[in-house]
Amino acid sequence: MRALKLRELSLADRLADMAVDALIDEADLSPKPALVDRRGNGAHSDLHLGLMHASALSLWPMFKEMAEAAIEIGEVGLPLREALGRLGRDGEQAMLTTTNGVNTHRGAIWALGLLTAAAALQPRAVTLTAARLALLHDRFAPQPMSHGAQVAQRYGARGAREEAQLGFPSVVQRGLPQLRKSRLHHAGEQNARLDALLAIMTELADTCVLYRAGTEGLQAMQHGAQAVLDAGGSATLAGRRQLHELDQQLLALNASPGGAADLLAACLFIDRLDGAL
Ligand SMILES: CC(C)(COP(=O)(O)OP(=O)(O)OC[C@H]1O[C@@H](n2cnc3c(N)ncnc32)[C@H](O[C@H]2O[C@H](COP(=O)(O)OP(=O)(O)OP(=O)(O)O)[C@@H](O)[C@H]2O)[C@@H]1O)[C@@H](O)C(=O)NCCC(=O)NCCS
Ligand SMILES: Nc1ncnc2[nH]cnc12
C-alpha cells in the first residue's frame, strides 16, 4: 500500500496555524466572564462563537504573510514594520468581510501579528522582538478616533499599543506564570487557561472595558479576577462561585474584557511556541 505523503509545512505555515489555533482555543474556552464562549455571547449582541471561529480562520493568510515578510526582510526596522501594518490593515478588511462588519479580532491582529512576525525572526526572544517592532512608527497608519484613542483621551490609558511596546507584560508577568502554576497544581488544562485569563485581567487597563463601563467596570474586572484567584482559582468550588459572580457583575455593567481575551490568545501562542522550540 502506498503511504499517504503529507506536504511539509513551512515555518510560516506552522506559525499561522499556531496563531489561528490560539484564537480558536481562546474563543472556545468556557466559562469566560462576559466574553463569547461555548455558553453564549457574553456582553456582545453582535458576536457568537461561530463568528469568532470564522474570523480566526479568515486571518490565517495574513499571519502567514506576516511571517513570510519577517523571514524575507530578515531584521527589525521600518520596512518590516510598515509591511506588517499594510498586511494588518488588509487582514482587518478580510475579518470585516467575513463578519459582515463586526470587529471580532482587531486587538488580536495587532498582538498576534507582531508576535508571529517576531517568532519568525527571533524565536528565542519573541516578546522583546515584537516590542521593538511595536515601537517603530508606521508612517501609513491611519489615525482614527478608535475606541482605544477615545479612552486614551478620557483616562490616559494607552491600551494595546503600550502593552506591545512594553513587551506584553500582562502575558509575560501574569498570564504565562499563572498558566504554568495552575498546570503544576493539576488544575486541568481548561482551568489553567481560565486562571491565566484571570491573571491577565487583574492588572490590565483593558480599553474595551473602559470604553463600555469606565473606571467602575475596570475596577470590577480587576478586583473580581483577583478574588477568583485568591479563592483558589477556577478549579475550586470557591473560585467557581467567585467566577460566576464576576461574570454576572461584568454582564450587568456591559463590560467585555476583549483586550484580556486577545492577550490570552497571545499567551497560548507563546506557550505553544515554547513547546515547539
Ligand atoms: C494600534 C492598534 C492596536 C490600535 O489601537 P487603538 O487602541 O487605537 O484601537 P482600538 O480599535 O480600540 O483597538 C485596540 C484593541 O486591542 C484590544 N485591547 C484593548 N485593551 C488592550 C490592552 N490594554 N492591551 C492589549 N490589547 C487591548 C481590544 O481588542 C478586543 O476588543 C475588540 C472589540 O473592541 P471594540 O471595537 O471597542 O468593541 P465593542 O466595545 O464591542 O464595540 P461596539 O460593538 O460596542 O461598538 C475585539 O476586536 C478584541 O480584539 C481593542 O479593541 C492597532 O489595532 C492598529 O493600529 N490597527 C490598524 C491596523 C494595523 O496597522 N495593524 C497593524 C498590525 S501589526
Ligand atoms: N471571546 C471573545 N469575546 C468577546 N470579544 C473578544 N475579543 C477577542 N476574543 C473575544
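Residue positions within a chain follow its written sequence, with the count starting from 1. Chains carry letters from A onward and ligands carry numbers from 1 onward, assigned in written order. With the structure being a predicted model, the display of local features is reserved for residues of pLDDT at least 70 and the display and counting of side-chain atom pairs for 80 or more, all residues being used for whole-chain, interface and lining totals. Side-chain numbers here rest on the full set of heavy atoms in the structure, without hydrogens or water.

J.: Whenever I open this one, unusual backbone geometry confuses me. Can you help?
T.: The general pattern is negative phi for most residues beyond glycine and trans for most peptide bonds. With an omega of -5°, the peptide bond running from Ser30 to Pro31 counts as cis. We count a stretch as a helix when DSSP gives it H or I for four or more residues in a row; a strand needs E for two or more, and each element gets its number in order from the N terminus. Among the secondary structure elements, Pro31 is positioned in the loop between α1 (11–28) and α2 (49–58). In this structure, Phe168 takes a positive phi of about 55° despite not being glycine. Within the secondary structure, Phe168 is located in the loop between α8 (159–165) and α9 (169–184). Under the relative-accessibility criterion, Phe168 is labelled buried at 1%. With a phi close to 55°, His186 is a non-glycine residue in the positive phi region. Counting through the fold element by element, His186 comes out in the loop between α9 and α10 (189–201). Per-residue accessibility, obtained with a 1.4 Å probe over protein chains only, is compared with the maximum for each type, and a residue is labelled buried under 20%, exposed over 50%, and partly exposed between these values.

J.: Teacher, can you tell me more about the side chain of Glu26 here?
T.: Examined against the element boundaries, Glu26 turns out to sit in helix α1. You can call Glu26 buried: its relative accessible area is 4%. It only takes one pair of heavy atoms within 4.5 Å for two residues to be counted as in contact. With near-sequence residues (within four places) excluded, Glu26 lies in contact with Lys32, Ala261, Leu264, Ala265 and Leu268.

J.: Explain the pattern of salt bridges here, please?
T.: Pairing is possible between side chains of opposite charge, provided their charged atoms come close. When a carboxyl oxygen of Asp or Glu is within 4 Å of a side-chain nitrogen of Lys or Arg, the pair counts as a salt bridge. Under the counting rule described, the total for this entry stands at 19 salt bridges. Between Lys64 and Asp13 there is a salt bridge, and its shortest N-O distance comes to 3.1 Å. Here the residue Lys64 occupies a position in helix α3 (residues 60–73), and Asp13 occupies one in helix α1, the gap between them amounting to 51 residues. The exposure classification of Lys64 matches that of Asp13, with both residues buried. Across the pair Asp138 and Arg89 runs a salt bridge whose closest N-O atoms are separated by 3.1 Å. Highlighted residues: Asp138 in the loop between α6 (126–134) and α7 (147–155) and Arg89 in helix α4 (residues 78–98), separated in sequence by 49 residues. Via salt bridges that share partners, Asp25, Arg180, Arg183, Glu189, Arg193, Asp271, Arg272 and Asp274 belong to a single interconnected network.

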